[in-house]
Amino acid sequence: MDFSLLFQNNFKMFLPEFFLATSILVLTLHGSLISTSKILGFPLLLKSFNKMSILILGFTFILVNNNSASFLIVYSSSFIFDLLTLNVKQFLLFSAILCLFISEHSLKLGQINQFEYFILILCSILGLLFLTSSFDLLSLYLSIEMQSLCFYVLAAAKKDSSFSTEAGLKYFIIGSFSSGLLLLGISFLYGCTGTTHFDNFSLLFSEIDSSHSFLTSLVQKALLCIFIAFFFKIAAAPFHMWSPDVYEGSPISSTIIFAILPKIVLFSTFLRLFQTSFAYFGETLLFFSIGSALCSVIIGSFVALKQKKLKRLLAYSSISHVGYLLLAFSCNSLEGTQSLFFYLIIYMLTSFTIWSVILSLNTSTNLDKSKTLIDLSSLSTVNPLLAFTALVAFFSLAGVPPLAGFFAKLEIFVNCLGSSLFFAGFVAILSSVISSFYYIRLIKTIYFEKVIDNGFKFSVSRSCSLILCFSMFFLVFLFFNPSLLFLQTHKMALCLF
Amino acid sequence: MYFLIEEYLPIFYIFVVSVSLALIILGASFFLGNHKPDSQKVSAYECGFNPYEDSRNKFEIRFYILAILFIIFDLEAIFIFPWSIVLGQITSFGFWTMFDFLFELLVGFIYIWKIGALEWQ
């Protein structure tokens, strides 16, 4: 490859990532020099680092928007840039900014004073950006590793809490196990085909016929390995057991990041992998993803009924939502993919509302106690507006009509029936009814359970209240006018077919 | 077939020489040496620990940090050796790519130096 050519086109597409990487280096130098400086009195850089990270992500967002080409495959075809990656990167960066914005207050309360925390967040976002664009199994694996290594450390960020350390260790062991499976699958594929490019796979498999039965079965096993790794990463059901413990143990600002950021990127990348490369193995893929989807919706709805702690409850609720997403994944059609993106974006919006509500329950006195359902009681008398926002968000998660979550779920069920997945759709609808029980129980706790002396008042930090307003507006607005998001997600889905 | 044997003959020589050398050294120290076994001598050697203890007790974290740092800078050497061999063939692009890597490593080095991970105290 010619040296100068590399900087002509390829580099231009990577400008946002390059900017982010350089900023991480500068921030590392800045933090290590300033925070150890005796003259400045060993300052705590928490607040300034939070602001700077938001600023850096904002600039990266602008650079992503300022994209020069609409379709390009760069760096010896290991990265791709098209409308899907553009939109996913926009959503990712935007929600990362919101995550940093709402977690500022809780970081201050939680006394996570290491500046490395923000550098790790930025590194994980860099990894996710690379993952969005990756068009080669090698770059896919490397960027998954980059983001998950940062996540392991983020889970263990609260060094003096044994829960946090346990969560980090658990996440690390499970994560490295699933990465090993991913590598095994990739090496199987490489052994069968001698390539790791997404494009080459589809070319090779278009020529396959019944005389290649051994090859086909080997590729199916490789796909099983890759699928299991993917299920581990998104915490889909038979491989979900790490997620409640990790959500519960890690500090809440890290939990928000695990819960919201990686899903959209993982889904878009693996959709691209399976749609561009392995369309020939559609039935095998369908078999795996429907199995996991049904497990997820059933386990997510039934196990959540028993949960007393809020973060665990939300972890199980996220498992069941991943089940709906996988159901849309297994529709294997344009409309199904569109409904996947639609559901995912609305789910992210709703999660922002719910996590902000939970963040508002934190005060300096009760920080180390993990929040149970009882902590939400009498919220309606102490802070009626917050209670109403929580009500809207939980109803939207449950899929109650005048809210955006209803449309999202409806879309998925309709597309399920459209792709003749009658049984799966039926089971998903039934378990959606069951899962709405615990959302409504939460609302009952908020509105009808009175505890005389709750002991603390719920004060919402300024940034949280802004996010609450914003996301609640969209939850209502997208019900009355979903066409903008519909069109956008349709365009995103069109990139894959 | 004859080719193969000729190609692998040096390896066979090395094998024979190393095995016989090991046998000679071990045997000489066994037959000629002074044997006064005590509990410290016969126990397995481990740096800084008592070898026979419950393995689930507390452990000095600094050993880990040192090991991690060693791995990072060891990897640097592993990258640099092949790079220096093929430097003539990889043009200026390869040259500057390595410098980019070294620069990022330098940033990491300044970081661990400044936060005091290199100090034993």
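Residues numbered from 1 in each chain as written. Chains lettered and ligands numbered in written order. Predicted model: local features only at pLDDT ≥ 70, side-chain atom pairs only at ≥ 80, totals over all residues. Heavy atoms only, no water.

Draft legend 1. Molecular detail of the overall build of chain A. Scanning chain A from N- to C-terminus turns up 20 helices and two strands. Along the first, second and third principal axes, the C-alpha atoms of chain A reach 75 × 60 × 40 Å. The long-range share in chain A, meaning contacts at least 24 apart out of those at least 6 apart in sequence, stands at 82%. As presented, chain A carries roughly 19500 Å² of accessible surface, and 70% of it is formed by carbon and sulfur atoms. A distance of 13 Å separates the average location of the 27 positive side-chain charges in chain A from that of its 21 negative side-chain charges. (Helix = DSSP H or I, 4+ residues; strand = E, 2+ residues; numbered from the N terminus. Contact = heavy atoms within 4.5 Å. Areas by Shrake-Rupley, 256 points an atom, 1.4 Å probe, with all protein chains shown as cover. Lys, Arg positive; Asp, Glu negative; His and termini not counted. Charge placed at Lys NZ, Arg CZ, Asp CG, Glu CD.)

Draft legend 2. Inspection of the environment of Leu120(A) at higher detail. Residue and element names in this part refer to chain A. Mapping Leu-120 onto the fold places it in helix H5 (residues 116–133). Placed 30 residues apart in sequence, Leu-120 and Cys-150 show a C-alpha to C-alpha distance of 5.5 Å. Beyond its immediate chain neighbours, meaning those up to four positions away, Leu-120 contacts Cys-150, Val-153 and Leu-154.

Draft legend 3. Examining the packing of aromatic side chains more closely. Residue and element names in this part refer to chain A. Summed over the entire model, instances satisfying the criterion amount to 62 aromatic pairs over all chains. Geometrically, the ring pair formed by Phe-230 and Phe-267 is edge-to-face, given 5.6 Å between the ring centres and 85 degrees between the ring planes. With Phe-230 in helix H9 (residues 213–234) and Phe-267 in helix H11 (residues 252–277), the pair connects residues that are 37 residues apart, well separated along the chain. Considered together, Phe-230 and Phe-267 belong to a single accessibility category, that of buried residues. (Phe/Tyr/Trp six-rings, centres within 6.5 Å; stacked < 30°, edge-to-face > 60°. Buried < 20%, exposed > 50% of the residue type's maximum accessible area, 1.4 Å probe, protein only.)

Draft legend 4. Main features of the interface of chain A and chain B. Taken residue by residue, the interface counts ten residues in chain A and ten residues in chain B. Here chain A packs against chain B, burying approximately 970 Å² in sum over the two surfaces, 84% of which is carbon and sulfur. The interface formed by chain A and chain B includes zero salt bridges. Linking chain A with chain B are one residue pair in polar contact (both at pLDDT 80 or more). With five residues, helix H2 (residues 15–34) of chain A is the single largest residue contributor to the side of chain A that touches chain B. Its residues placed into classes, the side of chain A that touches chain B shows six nonpolar, three polar and one charged. (Buried area = accessible area lost by both parts, 1.4 Å probe. Salt bridge = Lys/Arg side-chain N within 4 Å of Asp/Glu carboxyl O. Polar contact = N/O pair within 3.5 Å; in protein donor to acceptor, adjacent residues only side chain to side chain. Nonpolar A, V, L, I, M, F, W, Y, C, P; charged D, E, K, R; others polar.)

Draft legend 5. Main features of a nonpolar patch on the surface. On the surface, Phe59(B), Ile61(B), Phe63(B), Tyr64(B), Ile65(B), Leu66(B), Ile68(B), Ile72(B) and Trp120(B) cluster together to form a nonpolar patch covering roughly 830 Å² of accessible area. Its place among the elements puts Ile68(B) in helix H3 (residues 61–85). (Patch = residues over 30% accessible without salt bridge, like charges linked within 9 Å, V, L, I, M, F, W, Y side chains within 5 Å.)

Draft legend 6. Region of interest: H9(A). An ideal rise of 1.5 Å per residue puts 32 Å on 22 residues; H9(A) measures up with 31 Å between its terminal C-alpha atoms. A positive phi of about 60 degrees marks Ala235(A), the residue just after H9(A). (Expected span 1.5 Å × (residues − 1).)

Draft legend 7. A look at the confidence of the model for chain B. All names here are of chain B. For chain B, per-residue confidence averages 83 on the pLDDT scale, and 88% of positions sit at 70 or higher. Of all the helices and strands in chain B, helix H2 (residues 39–42) carries the lowest mean pLDDT, 74, while helix H4 (residues 91–114) carries the highest, 89. Predicted complex metrics record ipTM = 0.81 and pTM = 0.87. (pLDDT = per-residue confidence, 0-100.)

Draft legend 8. Looking closely at the confidence of the model for chain A. Of all residues in chain A, 96% attain a pLDDT of 70 or more, and the chain-wide mean is 88. Ranking the elements of chain A by mean pLDDT puts helix H1 (residues 3–13) of chain A last, at 71, and H5(A) first, at 94.

Draft legend 9. Broad picture of the pattern of salt bridges. Residues and elements named next belong to chain A. Enumeration over the complete set of coordinates arrives at eight salt bridges over all chains. Its salt-bridge partner being Lys-51, residue Glu-104 comes within 3.3 Å of it at the nearest N-O pair. Linking Glu-104 in helix H4 (residues 83–110) with Lys-51 in helix H3 (residues 46–65), this pair joins segments that are 53 residues apart in sequence. In this structure, a network of salt bridges that share partners links the residues Glu-166, Lys-170, Asp-245 and Arg-312.

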